[in-house]
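Understanding the architecture of this molecule
Residue strings, one per chain:
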Amino acid sequence: MKPILFFDIECSYDHTLPDQYQSFIDRKEGNIDRIKFLPEYNQVITISIGRISADNTVQVKTLEGTEKEMIEQFYTYADKYILSWWNILTFDLPFIIKRWLHHGIPVPPTLKLKGKKPWDLDDLFLDLARVYQGPTLNMSSLEDVSIHLQIPTPKDIMHGSEVQEYYDTWQLPLIQEYCRHDVHATALIYQRFKALNFL
């Protein structure tokens, strides 16, 4: 079985979009909210990855560089690990895949999801949000579960809704720290789930 790689991304509006994108946004009232998390209009500004070492400590680091350089670095991990995150399949992973397409980076064979059945994904991804959700319809947030399990909340620095504001005021290092905290909390939740036979 492959080792697990925990990861998180933070995104912001892509100010380098062509003029036709900007004119579309300007024409449509309320479009800023609609496009806030769409990969066609936003870019990855930081990626954090984390692994659990042999002595069970959590090691987290930030991938550095431009968006293209960061997602190319992430590409090198994609085939070597089971990717894990909180709600990975509905946001973070699809976002990165679509940004790969934007930059002309081929999708790794293991991440080509077309035609795959849900049970085929267990050897590729571990979505801890879905593990916690179980058969219920309620999806809990990372912050809620961290508090519930008495794990230090990653939201002590900022919340995801504030990332754009911090980025616009040149506070990328703080965003990177926030992203690392998210990954660290997720890895601790994984360890708790595993220890309590919840996986």
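Residues numbered from 1 in each chain as written. Predicted model: local features only at pLDDT ≥ 70, side-chain atom pairs only at ≥ 80, totals over all residues. Heavy atoms only, no water.

This part takes up the side chain of glutamine 133. Looking at where glutamine 133 falls in the secondary structure, it is placed in helix 5 (residues 128-133). Setting aside anything within four residues of it in sequence, one finds glutamine 133 in contact with Asn138 and Met139. (Helix = DSSP H or I, 4+ residues; strand = E, 2+ residues; numbered from the N terminus. Contact = heavy atoms within 4.5 Å.)

Here the focus is the sheet that holds strand 5 (residues 125-127). Read across the sheet, five strands follow the order 3-2-1-4-5 without closing on themselves; strand pairing throughout is mixed. Either end of the sheet is taken by a strand with one partner, and the two such strands are strand 3 (58-63) and strand 5. Adjacent strand axes in the sheet meet at a mean angle of 30°, parallel and antiparallel pairs treated alike. In this structure, strand 1 (residues 4-13) lies alongside strand 2 (residues 42-52), joined through eight bridges in antiparallel fashion. Pairing of tyrosine 13 across the sheet is with asparagine 42, part of strand 2. Each of strand 1, strand 2, strand 3 and strand 4 (82-85) is contacted by helix 3 (residues 67-78), which is oriented at about 35° to strand 2, the strand it contacts most. Along the sheet face, helix 4 (residues 88-102) touches strand 1, strand 2, strand 4 and strand 5 and points at about 70° away from the line of strand 1. (Pairing = 2+ DSSP bridges. Axes fitted to C-alpha atoms, helices over the stretch in contact; angles between N-to-C directions.)

All right, on to the packing of aromatic side chains then. Applying the stated criterion to the full structure yields eleven aromatic pairs. Ring geometry for phenylalanine 37 and phenylalanine 91: centres 6.0 Å apart, planes at 90°, overall edge-to-face. One end of the pair, phenylalanine 37, is in the loop between helix 2 (31-34) and strand 2; the other, phenylalanine 91, is in helix 4, with 54 residues separating them in the sequence. We classify phenylalanine 37 as partly exposed; its relative accessible area is 48%. With a relative accessible area of 25%, phenylalanine 91 lands in the partly exposed category. Site record: aromatic cluster; members linked through ring pairs are Phe7, Phe74, Tyr75 and Trp100. (Phe/Tyr/Trp six-rings, centres within 6.5 Å; stacked < 30°, edge-to-face > 60°. Buried < 20%, exposed > 50% of the residue type's maximum accessible area, 1.4 Å probe, protein only.)

The next point concerns the pairing of strand 2. In terms of residue burial, strand 2 counts as a mostly covered element, since nine of its eleven residues are buried. With six bridges joining them, strand 2 and strand 3 adopt antiparallel strand pairing. The partner of isoleucine 47 across the bridge, within strand 3, is leucine 63. In textbook terms, the turn of a hairpin is the stretch between consecutive antiparallel strands, and for strand 2 and strand 3 this stretch comprises five residues, one of which, asparagine 56, has a positive phi near 70°.

The next point concerns helix 4. The end-to-end C-alpha separation of helix 4 is 20 Å, in line with the 21 Å expected for 15 residues at 1.5 Å each. The sharpest bend along helix 4 comes to roughly 30°, located at proline 94. Taken together, the buried positions of helix 4 are Ile88, Asp92, Leu93, Phe95, Ile96, Ile97, Arg99 and Trp100. Next to the buried residues of helix 4 lie strand 1, strand 2, helix 3, strand 4 and strand 5. The first or second residue beyond helix 4 is glycine 104, which carries a positive phi of 75°. (Expected span 1.5 Å × (residues − 1). Bend = angle between axes of the 7 residues up to and from the residue.)

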